[in-house]
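Breakdown of the fold
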Amino acid sequence: MKNFIKEDYDMGFSSRMDCCGQFVKYSLFIANFVIFVGGAIVFCLTLWTLVDRSFVNELLGTNLFSGAVYVLLVTSVIICMVSFLGCVGAGKEVKCLLLTYFIIVALVFVTMLIGGVLGYVFRERVQQTMRQEMRSTMALYGSRREITQAWDLTQERLQCCGVDTWHDWNRYGPVPESCCQELFGGQRKECTIFPTITNLHNQGCLYVTTNFIRDHAAVIGGTSIAVAILMIFGMIFSCLLFNMIE
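Residues numbered from 1 in each chain as written. Predicted model: local features only at pLDDT ≥ 70, side-chain atom pairs only at ≥ 80, totals over all residues. Heavy atoms only, no water.

**Structural notes on the confidence of the model for the chain**
Which entries qualify depends on this criterion: pLDDT is a residue-level measure of predictor confidence that goes from 0 to 100. Secondary structure elements follow DSSP: runs of H or I no shorter than four residues count as helices, runs of E no shorter than two count as strands, and numbering proceeds from the N terminus. Two residues form a contact once any of their heavy atoms are found within 4.5 Å.
Per-residue confidence for the chain gives a mean pLDDT of 76, with 78% of residues at or over 70. When the elements of the chain are averaged for pLDDT, helix α2 (residues 57-60) gives the smallest value, 66, and helix α5 (residues 145-157) the largest, 86. Across residues 1-17, confidence stays below pLDDT 50; counting only partners more than four residues off in sequence or on other chains, it has one contact.

So, in structure tokens, the structure goes:
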């Protein structure tokens, strides 16, 4: 009689553990799927940022933002691969894979969080460094191809002129043609000889570019921190499943 009761108790306990284990197992699988999607989104955002803001590289005056973007680009690729490892470990219930998954995710979590924080830190420093760098590069306009191209693309794409105003170009020569307002069909108004507010871009490039970079940094930083928070759930579920597997 005692053995019968003990067997019933063990079966009930095992059943509860099986249900709990299955819940943790599928929760880890879902968490890794969400992390994979998040990593893919961060990869696309960082790649988009590298391509979209490449024309202002010479005017930034700091490598902090570029460094953070490259860190997040590499990290997002690792996240996608590690999330696949977590799914395999959860599906096959292999403790070695789960342990490896936990260690890698913990390291990637710290890197991801640092990259996200650096993106937000850059948002506060961008305007301080860019004004000085932009003024120093204006003297090199026309003599250095990279600087000239950076200024032309910045003024054309962001529809701005000079640092704070188009008058900044007066000390270095005539106003560049890239400052002139565009007409229909890609034609431009003539503004290099007699520049006025009616034929050139009125906003200074410092304000426009600062907002442009800040928006990119905010999107990447926010997404990275969100993915890093999701990774905490992945670590928790992997630990729980690791302890449940005999």
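Okay, back to it.
**Describing the side chain of T148**
Note the following rule: Categorising residues by exposure relies on relative accessible area from a 1.4 Å probe, with only protein chains included: less than 20% of the type maximum marks a residue as buried, more than 50% marks it as exposed, and the intermediate range marks it as partly exposed. Pairing of N or O atoms within 3.5 Å defines a polar contact, subject to two protein rules: one partner must be a possible hydrogen donor and the other a possible acceptor, and residues neighboring in sequence count only if both atoms are side-chain atoms.
Within the secondary structure layout, T148 lies in helix α5. Of the residues examined, T148 reaches a relative accessible area of 16% and is grouped as buried. Within the local environment of T148, its side chain forms a polar contact with the backbone nitrogen of G142, the two atoms lying 2.7 Å apart.

**Considerations on α5**
For clarity, the cut-off: Multiplying 1.5 Å by the residue count of a helix minus one yields the expected span of that helix.
With 13 residues, α5 should cover 18 Å at 1.5 Å per step; its first-to-last C-alpha distance of 18 Å lies within 8% of that length. For α5, the set of buried residues is I147, T148, A150, W151, D152, T154 and Q155. Looking at the residues trailing α5, positive phi occurs at Q159, about 55°.

**Some words on empty space enclosed by the protein**
To keep it simple, the criterion reads: Cavity: a set of points on a 1 Å grid over the protein atoms alone where a 1.4 Å probe fits but cannot get out. Pocket: an open set with protein on both sides within 12 Å along at least five of seven lines, its lining residues, like those of a cavity, having an atom within 4 Å of a point. Grid points are joined across faces, edges and corners, and a volume is the space filled by probe spheres set on the points.
Here the structure, examined in full by the defined rule, presents two cavities of 30 Å³ or more. In this structure, the largest cavity occupies an estimated 50 Å³ of space. Along the walls of the largest cavity sit N32, I35, I79, V82, S83, Y101, I104, V105, V108 and M231, which together make up its complete lining. Listing elements by their share of the lining of the largest cavity, those giving two or more residues are α1 (2-52), α3 (64-92) and α4 (95-138).

**A word on unusual backbone geometry**
Backbone geometry places Q159, a non-glycine residue, at a positive phi of 55°. Within the element layout of this structure, Q159 appears in the loop between α5 and α6 (205-244).

**Regarding the packing of aromatic side chains**
Definition in use: Pairing of aromatic side chains here covers Phe, Tyr and the six-membered ring of Trp, requires ring centres within 6.5 Å, and sorts the geometry by plane angle: under 30 degrees stacked, over 60 edge-to-face, intermediate tilted.
Under the criterion given, the structure shown has two aromatic pairs. Consider the rings of Y141 and W169, whose centres lie 5.0 Å apart with planes at 65°: the pair is edge-to-face. Remark: W169 occurs in the loop between α5 and α6 and Y141 occurs in the loop between α4 and α5; sequence separation between them is 28 residues. Under the relative-accessibility criterion, Y141 is labelled partly exposed at 24%. On the basis of an interplanar angle of 75° and a centroid distance of 5.2 Å, the ring pair of W151 and W169 is categorised as edge-to-face.

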